[in-house]
Amino acid sequence: MRKFVKVFILVVLFMVPILAACGSGSSGSGEKYKVGILAPAVTHGWVAAVAYHAENRAKELSDEIDYQIYTSSNESEMTSQLDDLITWGADAIVAFPQWEGMEVPIQRALDEGIKVVNFDIVIDVDGVYRVAGDNYDMGVQGANYIVDKIGTEGEVVILEVPTSGSVSELRTAGFVETIEEIAPEMNLHSYATQFTREDGLKDFADILTSLNHIDAVYSLDDETSIGVLQAIDEAGRTDIKVVTGGGGMQEYFNMMPENEDIWIQSALYSPAMVKDAVDTAVKILKGEDVEMETIIPTTVVDRENYEEFLDAESPY
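Okay, so let's go over this structure. If you're wondering where the values come from, they're calculated on a predicted model, not measured in any experiment.

1. Re the environment of Ala277
Here is step 1: Among the structural elements, Ala277 can be located in helix α10 (residues 274-285).
Here is step 2: Note: C-alpha distance between Ala277 and Thr294 (17 residues apart in sequence) is 8.9 Å.
Here is step 3: With residues near it in sequence (within four places) discarded, Ala277 still touches Val94, Val117, Phe119 and Val131.

As structure tokens, then:
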């Protein structure tokens, strides 16, 4: 019996440091980081794909993180969900608002010691990490593309989306400033629309009645551009030689070779970039060195290279 007790004591003493190691810290300990994801409700194919890719990446990291994902329709709803994540005990939050005005609630999360990674639209708060495509460069690429196709003079319609905040501001600024530099004689006509094909169709149909000649359209978004192309077709217009876009939509890619009389372009702003935002949150929690801002370069797609970007599994 004494021998058994001695062996038992030795086993317990041996196990204590192992159990202590297992209970310390969240990295490699069996404990998981808590990561919250805030995304807009599905109002647009690209937005739906962002939520899809974010959740898929979170599932892929399930050995390392527990996650909660919320979608919201406005600032107040997202703010309420952020409060829920704070109560849940989130270690990091990946925030993807489609509107401005999230600064105060995000600051509250930072004050609670939560790491925040902002995807896409700028949240202007010190201490927030950011992952995004290069919205300004999308405008630069659009300007270069249009000038390459129609020359340095012509009538160009700009379809801005003021409700999208910094996205529209940056894409438009990149375009206008580049045109001023490389084609100062170009005539620019700006109109407001939305990131939907329905608005692209409706608004561009009205524009076609007010402008009897248009050489090119600088559209910021693939879905808007699909509506624009429908309006052009329904109006029987043959003057328009270029329609740009943005995002990287499979349906739009497939339209590129079908329209031989119009150069259809998309500046990639892939929804899959949100995976980088989720990865960034995890790296921060692990204590790895991470840049405060990660900007993913622009790629231009048109009928000459679209096949490289076809993906039958893509939700967008």
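2. Side note on the layout of surface pockets
Here is step 1: What the second largest pocket holds in volume is close to 260 Å³.
Here is step 2: Here the lining of the second largest pocket is composed, by residue class, of five nonpolar, three polar and six charged.

3. Examining the pairing of strand β3 (residues 92-95)
Here is step 1: Burial of β3 is two-sided: the residues Ala92 and Val94 facing one way and the residues Ile93 and Ala95 facing the other way are all buried.
Here is step 2: Note: strand β1 (residues 33-40) against β3, four bridges, orientation parallel. Within β3, the residue paired with Val35 across the bridge is Ala92.
Here is step 3: Relative to strand β4 (residues 115-119), β3 runs parallel, the two being bridged by four bridges.

4. Observations concerning helix α3 (residues 75-88)
Here is step 1: Its 14 residues place the ends of α3 20 Å apart at the C-alpha level, agreeing with the 20 Å of an ideal helix rising 1.5 Å per residue.
Here is step 2: Listed in full, the buried residues belonging to α3 are Met78, Thr79, Gln81, Leu82 and Leu85. Summarising the axial view, the buried residues of α3 lie within an arc of 165°, below the 170-degree limit, and thus occupy one face. Residues Ser76 and Thr87 are exposed on α3 and point more than 90 degrees away from its buried face.
Here is step 3: Buried residues along α3 sit in contact with β1, β2 (65-72), β3 and α4 (103-111).

5. Section: the nonpolar core
Here is step 1: The biggest cluster of nonpolar side chains holds 58 residues, and the ones touching the most others in it are Phe119, Phe204, Ile214, Val243 and Tyr252.
Here is step 2: Setting aside residues up to four positions removed in sequence, Val243 forms contacts with Val217, Ser225, Val228, Leu229, Ile232, Tyr252, Ile262, Trp263, Ile264 and Gln265.
Here is step 3: Tyr145, Ile158, Ala183 and Met186 belong to the second-largest nonpolar core, a separate cluster that totals 18 residues.

6. A look at the sheet that holds strand β14 (residues 300-301)
Here is step 1: Ordered by their spatial adjacency, three strands build an open sheet running β10-β12-β14, and the pairing between neighbours is mixed. Each having just a single partner strand, β10 (246-247) and β14 make up the two edges of the open sheet.
Here is step 2: With two bridges connecting them, strand β12 (residues 266-268) and β14 associate as antiparallel partners. Pairing of Ser266 across the sheet is with Val301, part of β14.

7. Quick look at the sheet that holds strand β9 (residues 242-243)
Strand-to-strand pairing in sheets goes through backbone hydrogen bonds, with the strands running parallel or antiparallel.
Here is step 1: Spatially, β7-β6-β8-β9-β11 is the arrangement adopted by the five strands of the open sheet, whose pairing is parallel. Looking at which strands have only one partner, the edges of the open sheet turn out to be β7 (187-192) and β11 (263-264).
Here is step 2: Examined bridge by bridge, β9 and β11 share two bridges and lie parallel to one another. Bridged to Val242 within β11 is Trp263.
Here is step 3: Against the sheet, helix α5 (residues 135-150) contacts β6 (155-160), β8 (216-219), β9 and β11, and its axis sits at roughly 170° relative to β8.
Here is step 4: Across the sheet, helix α6 (residues 166-182) touches β6, β7 and β8, and the angle it forms with β6 is around 160°.

8. Observations regarding empty space enclosed by the protein
Here is step 1: Tallying each qualifying case throughout the model produces one cavity of 30 Å³ or more.
Here is step 2: Taken as a whole, the largest cavity encloses approximately 30 Å³ of empty space.
Here is step 3: As for the largest cavity, its lining consists of Met138, Arg171, Tyr218, Leu220, Gly245, Gly246, Gln265 and Ala267.
Here is step 4: Looking at the lining of the largest cavity residue by residue, the class counts come to four nonpolar, three polar and one charged.

9. Notes on α4
Here is step 1: Listed as buried for α4 are Pro105, Ile106, Ala109 and Leu110. What you see down the axis of α4 is that its buried residues fit within an arc of 145°, all on one side. Exposed positions of α4 whose direction lies more than 90 degrees from the buried face are Val104 and Asp111.
Here is step 2: The inward-facing, buried residues of α4 contact α3, β3 and β4.
Here is step 3: Two residues or fewer past α4, Gly113 is found with a positive phi of approximately 85°.

Each value, and the rule that gives it
Residues numbered from 1 in each chain as written. Predicted model: local features only at pLDDT ≥ 70, side-chain atom pairs only at ≥ 80, totals over all residues. Heavy atoms only, no water. Helix = DSSP H or I, 4+ residues; strand = E, 2+ residues; numbered from the N terminus. Contact = heavy atoms within 4.5 Å. 1 Å grid on protein atoms, 1.4 Å probe; cavity = no way out; pocket = protein on both sides within 12 Å on 5 of 7 lines; lining within 4 Å. Points joined across faces, edges and corners; volume = space filled by probe spheres on them. Nonpolar A, V, L, I, M, F, W, Y, C, P; charged D, E, K, R; others polar. Buried < 20%, exposed > 50% of the residue type's maximum accessible area, 1.4 Å probe, protein only. Pairing = 2+ DSSP bridges. Expected span 1.5 Å × (residues − 1). Arc of directions from axis to C-beta. Core = buried A, V, L, I, M, F, W, Y, C linked by side-chain atoms within 4.5 Å. Axes fitted to C-alpha atoms, helices over the stretch in contact; angles between N-to-C directions.

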